[in-house]
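Summary of structural features
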Amino acid sequence: MIPYSFSDVQVLVLAAGQGTRMRSAKPKVLHELLGKSMLEHVLITLESLNVAGISIVTGHGSSQVQASINMHHQVGWVLQAEQLGTGHAVQQGELSCADAEHVLIVCGDTPLLRSETLAKLLKEHITSSADISLLSAFQDKPHGYGRVVRDEHGSMLHIVEERDADESTRAIQEVSSGIFCVRKSILFDYLKKVDNNNEQAEYYLPSIVSLAANDGCKLQASQMDDADEMLGINDRSQLRQAIKVLQARVVMDWESQGVSIEQAETVRIDVSVHIGTDTLIRSGTQLLGNTHIGDGCDIGPYAVVDRSWVDDDVNIHAFSHVECAHISMRGEVGPYARLRPDAHLDEGVKIGNFVEIKKAVIGEGSKVNHLSYIGDTEIGKNCNIGAGSITCNYDGANKHRTVIGDDVFVGSGTRLIAPVEVGDGATLGAGSIITRDVQKHGLTLSVRSEQRYVKDWKRATKK
Ligand code: UD1
Ligand code: CA
């Protein structure tokens with residue numbers, strides 16, 4: 001995607017902090033935005049840059065953080081056993097930067113960063129032969145960020161954390177994203193000189209700026225065009241804001257690829273979802289995980305489709321819940337249907353209201369239209385399963401299978417006591433309890449109790 005190569009840049013991702021402000025048992029960087037953790041978002045962005053290597057500094061919950069990162073991400077791990085500040089965190093990564101010319105430092109809690117923005121920072125850093133380059137932005141509400149202090153010529157002097165800033169410094173709207181690219185030959189020397197004389201008694205990475213400025217090093221701050229990209233997530237309300245920004249990006253991206261999204265602010269579409277052209281996603285719908293939606297589909301309103309495959313021209317009507325299921329072409333589901341894991345619908349299948357399907361294959365053109373439970377079942381082609389029919393698959397200890405052939409008509413209210421097989425072309429009389437295998441064709445029904453008429457019966461009346 002990005003035609004640059006930054007083969008002499010080593011990346012350090014800072015992810016050792018506890019994230020106290022999240023008030024969570026989970027390490028902060030593992031909180032998710034649209035189906036991926038903050039840290040995964042940052043890694044995916046970094047991976048498209050072609051850098052020499054990526055190392056992640058962990059500390060708080062390090063084993064949990066390491067376990068969360070899939071094997072296909074090629075990263076190194078650095079331990080910061082005690083979290084003494086961002087400068088101290090970078091120091092721990094010195095060994096992993098041994099072969100690098102420049103070190104790019106990125107915080108694990110800024111998941112909205114775009115790779116183009118980082119590429120621009122690196123390019124400017126390298127072409128201008130800077131010693132320290134900072135990614136900064138103007139924020140209307142700079143609260144919580146480090147402020148960039150410049151001299152009268154515009155040269156960067158130092159970065160002051162909010163807690164350490166006086167009133168006039170707090171009024172500065174240019175803030176630090178926490179992302180730096182630093183020439184390695186100076187980085188670790190300056191870090192050794194950083195002290196912790198600040199409100200948090202921490203060793204701050206941004207403190208290298210004033211040390212380097214005093215020595216006449218070449219410093220630059222590149223301002224990013226889209227200030228939302230640097231949103232740092234420290235608490236749950238910032239997490240919500242970041243999700244909102246990310247969701248708007250995802251929606252606009254799908255719109256540009258021919259997808260219509262009704263009342264987009266009510267919809268959730270995870271970042272790993274695929275949606276085909278001419279599909280309409282209606283209000284309140286959630287598309288989760290690695291869900292695939294084909295072309296020409298109509299989904300929702302208020303449908304949830306989670307980790308599922310949906311072929312072309314499928315309709316999923318209101319309030320349906322689809323989880324780990326497969327719906328083939330021209331399928332129709334809902335309203336109010338539930339497809340549970342391993343529900344597999346072949347082409348043109350219709351699943352109607354208040355029907356639950358679990359671990360079952362429904363053959364081409366078959367219909368289960370009303371109020372049924374179908375579990376551990378195989379149904380052939382062109383069957384009609386009548387209203388209220390149920391596969392009784394569970395005996396309290398084990399699950400048993402029901403197998404139904406092609407062209408079977410199951411009358412309403414039939415109970416199939418599994419294990420049981422029904423031959424092709426069979427008709428099951430309404431209300432039957434099927435306990436034994438059913439022959440092909442013909443009518444099979446369980447013996448019905450006699451119907452009586454009570455002539456002189458009177459309804460009770462109110463006293
Ligand atoms: C930091 C910057 C601030 C900047 C802001 C941008 C410092 C001192 N401040 O503030 O200038 O405007 O980010 O979002 O750098 N971490 C460690 N080890 C530590 C401490 C922190 O790995 O000992 C990690 C955290 O897990 C986090 C990142 O560093 O991912 C930033 O730390 P955080 O505490 O969120 O810093 P901010 O107060 O947001
Ligand atoms: Ca932060």
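Residues numbered from 1 in each chain as written. Chains lettered and ligands numbered in written order. Predicted model: local features only at pLDDT ≥ 70, side-chain atom pairs only at ≥ 80, totals over all residues. Heavy atoms only, no water.

1. Section: the overall build of the chain
Tallying secondary structure elements over the chain gives 8 helices and 39 strands in all. Here the C-alpha atoms of the chain give a radius of gyration of 31 Å, more than 25% beyond the 23 Å that 2.2 N^0.38 yields for 463 residues. In terms of overall dimensions, the chain has a C-alpha envelope of 105 × 60 × 45 Å along the principal axes. The buried share among the 463 residues of the chain stands at 49%. (Helix = DSSP H or I, 4+ residues; strand = E, 2+ residues; numbered from the N terminus. Rg over C-alpha atoms; globule rule 2.2 N^0.38 Å. Buried < 20%, exposed > 50% of the residue type's maximum accessible area, 1.4 Å probe, protein only.)

2. Thoughts on the site of ligand 1
Around ligand 1, the structure places 24 residues, and the nearest of them are Gln 80, Gly 85, Thr 86, Glu 161 and Ser 176. Here an oxygen atom of ligand 1 sits 2.9 Å away from a polar atom, N or O, in the main chain of Gly 17. With respect to ligand 1, the side chain of Thr 86 contributes an N or O atom lying 2.7 Å from an oxygen atom. Only β1 (6-15), α3 (86-92) and β10 (174-183) provide two or more residues apiece to the shell around ligand 1. Examining the composition of the shell around ligand 1, we find that 3 residues originate from one element, β10, more than from any other. In terms of residue class, the shell around ligand 1 is built from 9 nonpolar, 11 polar and 4 charged. (Near = heavy atom within 4 Å. Polar contact = N/O pair within 3.5 Å; in protein donor to acceptor, adjacent residues only side chain to side chain. Nonpolar A, V, L, I, M, F, W, Y, C, P; charged D, E, K, R; others polar.)

3. A closer look at the environment of Ile 172
Tracing the chain through its elements places Ile 172 in the loop between α5 (167-170) and β10. Residues Ile 172 and Arg 147, 25 residues apart in the sequence, show an inter-C-alpha distance of 6.2 Å. Leaving out residues up to four positions away in the same chain, Ile 172 has contacts with Pro 142, Arg 147, Val 148 and Val 149. (Contact = heavy atoms within 4.5 Å.)

4. Notes on the nonpolar core
The nonpolar side chains of a soluble globular protein tend to be buried with one another. In terms of nonpolar packing, the biggest core is built from 93 residues, with Leu 46, Leu 104, Ile 316, Leu 339 and Ile 351 touching the most fellow members. Residues lining this core come from more than one domain, with at least three contributed by each of domain 1 (6-230) and domain 2 (236-444). For Leu 46, the residues in contact, after removing those within four places along its chain, are Val 11, Val 13, Ile 54, Leu 104, Val 106 and Leu 118. Val 57, Val 148, Ile 208 and Ala 221 belong to the second-largest nonpolar core, a separate cluster that totals 30 residues. (Core = buried A, V, L, I, M, F, W, Y, C linked by side-chain atoms within 4.5 Å. Domains from an automatic or database assignment.)

5. So, helix α7 (residues 207-214)
Along α7, the positions that sit buried rather than exposed are Ile 208, Val 209 and Ala 212. Buried residues along α7 cover an arc of 105° about the axis, so they all sit on one side. Gly 216 sits one or two positions beyond α7 and adopts a positive phi of about 75°. (Arc of directions from axis to C-beta.)

6. What about the side chain of Thr 377?
Structurally, Thr 377 is set in strand β30 (residues 373-379). For Thr 377, the side chain forms a polar contact with the main-chain oxygen of Gly 375, separated by 2.6 Å. Ignoring anything within four residues of it in the chain, the contact list for Thr 377 reads Lys 359, Ala 360, Val 361, Thr 391, Arg 401 and Thr 402.

7. Brief notes about the coordination of the calcium ion (ligand 2)
On the protein side, the calcium ion (ligand 2) has Asp 109 (OD) and Asn 234 (OD1) as donor atoms, found 2.2 to 2.4 Å from it. Of this pair, Asp 109 sits in the loop between β6 (102-107) and α4 (115-127) while Asn 234 sits in the loop between β11 (219-223) and α8 (236-256), placing them 125 residues apart in sequence. A relative accessible area of 15% means that Asn 234 is categorised as buried. (Donors = N, O, S within 2.8 Å, 3.2 Å for Na, K, Ca; no water.)

8. Examining the packing of aromatic side chains
Each aromatic ring pair is characterised by the separation of its centres together with the angle its planes make. According to the stated counting rule, one finds 3 aromatic pairs in the structure shown. Pairing Tyr 336 with Phe 354 gives two aromatic rings, centres 5.1 Å apart and planes at 15°, and the pair type is stacked. With a gap of 18 residues between them, Tyr 336 in the loop between β24 (332-333) and β25 (338-339) and Phe 354 in the loop between β27 (350-353) and β28 (356-362) connect regions that are remote in the sequence. The class of Tyr 336 is partly exposed, set by a relative accessible area of 40%. Through successive ring pairs, a cluster of aromatic residues spans Tyr 302, Phe 319, Tyr 336 and Phe 354. We note Lys 399 situated over the ring of Tyr 394; from NZ or CZ to the ring centre the distance is 5.1 Å. (Phe/Tyr/Trp six-rings, centres within 6.5 Å; stacked < 30°, edge-to-face > 60°. Lys NZ or Arg CZ within 6 Å of the ring centre and 35° of its normal.)

9. Digging into the domain arrangement of the chain
The domains assigned to the chain are domain 1 (6-230) and domain 2 (236-444). A C-alpha centroid distance of 46 Å is found between domain 1 and domain 2. Taken together, the contact between domain 1 and domain 2 spans 15 residues of the former and 14 residues of the latter. At the boundary of domain 1 with domain 2, total buried surface from both sides reaches about 1300 Å², with 66% on carbon and sulfur atoms. Its largest share of buried area at the contact with domain 2, domain 1 owes to Met 22, Leu 34 and Leu 112, together 50% of the area lost on that side. Taken together, domain 1 and domain 2 are joined by 0 salt bridges. If you look at where domain 1 meets domain 2, you find 4 residue pairs in polar contact (both at pLDDT 80 or more). Looking at the side of domain 1 that touches domain 2, the elements that each hand over two or more residues are β2 (32-33) and α1 (38-47). Of the residues contributing to the side of domain 1 that touches domain 2, the split by class is 5 nonpolar, 4 polar and 6 charged. (Buried area = accessible area lost by both parts, 1.4 Å probe. Salt bridge = Lys/Arg side-chain N within 4 Å of Asp/Glu carboxyl O.)

10. Focus: the sheet that holds β24
An order of β12-β15-β18-β21-β24-β27-β29-β31-β34-β37-β39 is seen for the 11 strands of this open sheet, with the pairing classed as parallel. At either end of the open sheet lies a strand with only one pairing partner, and these are β12 (260-261) and β39 (443-444). Strand direction decides the pairing type here: strand β31 (residues 384-385) and strand β34 (residues 409-410), joined by 2 bridges, are parallel. If you follow Asn 384 over to β34, its bridge partner there is Phe 409. (Pairing = 2+ DSSP bridges.)

11. Considering the environment of Ser 115
Assignment of secondary structure puts Ser 115 in helix α4. Sequence-wise, Ser 115 and Ala 242 are 127 residues apart; in three dimensions their C-alpha atoms are separated by 17 Å. Separated by 3.4 Å, the side chains of Ser 115 and Ser 48 make a polar contact.

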